[in-house]
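Structural overview for review
Given next are the chains, with one letter for each unit.
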Amino acid sequence: MSDFVRIVEVGARDGLQHEKTLVPAATKIALIDRPAATGLRSIEATSFVSPKWVPQMADNHAVMQGMARLSGVRYSVLTPNMKGFDAALAHRDQFANYEVVIFGSASEAFSQKNINCSIAESIERFAPVADAAKAHGIKVRGVISCTVGCPYEGDISADKVAYVTEKLVAIGAEHIGIADTIGVGTPRKVQKALEATLQHFGIDEVSGHFHDTYGQALSNTLAALELGVWNFQSSVAGLGGCPYAKGATGNVATEAVVYMLNL
Ligand code: HMG
Ligand code: MG
């Protein structure tokens, strides 16, 4: 087990994206700046997605402009296509350490519901994003949703996780996050999904992103640590959910992960 863990705080993005009431940009900025002040070194700030699909993230430019830009912190934003990447690029120069996230799915049905295209089409859309990011010195993180279960398809096999991992790696993803989007994973199930990804990618750039619907997220985090995984996404106060994954509850709480990791 690694003696160091890197956490990406996703509260301001995953934590808020499904909130029905629009959260003011100033509150989102506080939710980015305050965790950064605690020593978290990676923060997911917002999404450059369609405001019609996710109205809560429509203030992405205001958030990016208003937040602190600490040189020791890597800030990441979701970019599902070139339109999103071009919008994210407007902020490139303000961040020493900038990352875009391309987010695919191991489930065809979830891919359609979440980003309105098939898995194959999503890879075609992500490829130019990855190329452009690299050309601008921006890191490319891939995330795969529904790696254990899907709200539309039910159980997801590890083969599908391996397949999407291979595709994302082929187009240049530099990191693969394994997401249990609806929190149906158990320790052994998430290990199988992680093992599928580890067939194609080294342990140092594979992460766990666990939602906590059945109270398994902390156990799943420990199960991932036991495989040697040391990168995780979590959310302060366990905020989180996805507008296209009904029933999904929050992410594992950042403070719970930190508490568990202390000797
Ligand atoms: P689409 O409708 O197929 O896109 O949406 P399109 O290319 O056909 O364009 C239609 C309209 O959207 C056009 O505008 C475009 O300009 C606009 P119009 O001419 O009609 O006025 N458009 C955009 N606007 C802003 N930013 C963009 C963009 N792209 C097109 N980037 C799209 C495809 C991906 C955009 C849409 O499906 C979308 O925005 N989906 C939202 C997905 C999302 O944010 N989901 C939640 C995050 S993923 C998640 O939470 C899971 C994760 O936490 C891991 C886990 O737990 O599993 C990461
Ligand atoms: Mg999530």
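Residues numbered from 1 in each chain as written. Chains lettered and ligands numbered in written order. Predicted model: local features only at pLDDT ≥ 70, side-chain atom pairs only at ≥ 80, totals over all residues. Heavy atoms only, no water.

For the rest of this paragraph, the subject is the pairing of strand β2 (residues 42-47). Taken across its six residues, β2 has six buried, putting it largely inside the fold. Pairing analysis gives two bridges linking strand β1 (residues 6-9) to β2, with the strands arranged parallel. Within β2, the position partnered with Val 8 by the bridge is Ser 42. In this structure, β2 lies alongside strand β3 (residues 74-78), joined through five bridges in parallel fashion. Following the sheet pairing, Ser 42 is matched in β3 by Arg 74. Regarding the hand of the β-α-β motif, the stretch spanning β2, helix α2 (residues 60-66) and β3 is right-handed. (Buried < 20%, exposed > 50% of the residue type's maximum accessible area, 1.4 Å probe, protein only. Helix = DSSP H or I, 4+ residues; strand = E, 2+ residues; numbered from the N terminus. Pairing = 2+ DSSP bridges. Right-handed = clockwise from strand over helix to strand, strands pointing away.)

To continue, consider the site of ligand 1. With respect to spatial proximity, 27 residues lie near ligand 1, and among them Gln 17, Asn 81, Asn 116, Ser 145 and Thr 181 are the closest. Contact between ligand 1 and Asp 14: an oxygen atom at 2.9 Å from a side-chain N or O atom of the residue. Of all elements in the fold, only α3 (82-89), α4 (108-115) and β5 (139-145) reach the threshold of two or more residues within the shell around ligand 1. When its residues are assigned to classes, the shell around ligand 1 shows twelve nonpolar, ten polar and five charged. (Near = heavy atom within 4 Å. Polar contact = N/O pair within 3.5 Å; in protein donor to acceptor, adjacent residues only side chain to side chain. Nonpolar A, V, L, I, M, F, W, Y, C, P; charged D, E, K, R; others polar.)

Those protein atoms acting as donors to the magnesium ion (ligand 2) are Asp 14 (OD), His 209 (NE2) and His 211 (NE2), and they sit at 2.0 to 2.3 Å. Between consecutive donors of the magnesium ion (ligand 2), the numbers of intervening residues give the motif D-x194-H-x1-H. By relative accessible area, which is 5% here, His 209 ends up buried. (Donors = N, O, S within 2.8 Å, 3.2 Å for Na, K, Ca; no water.)

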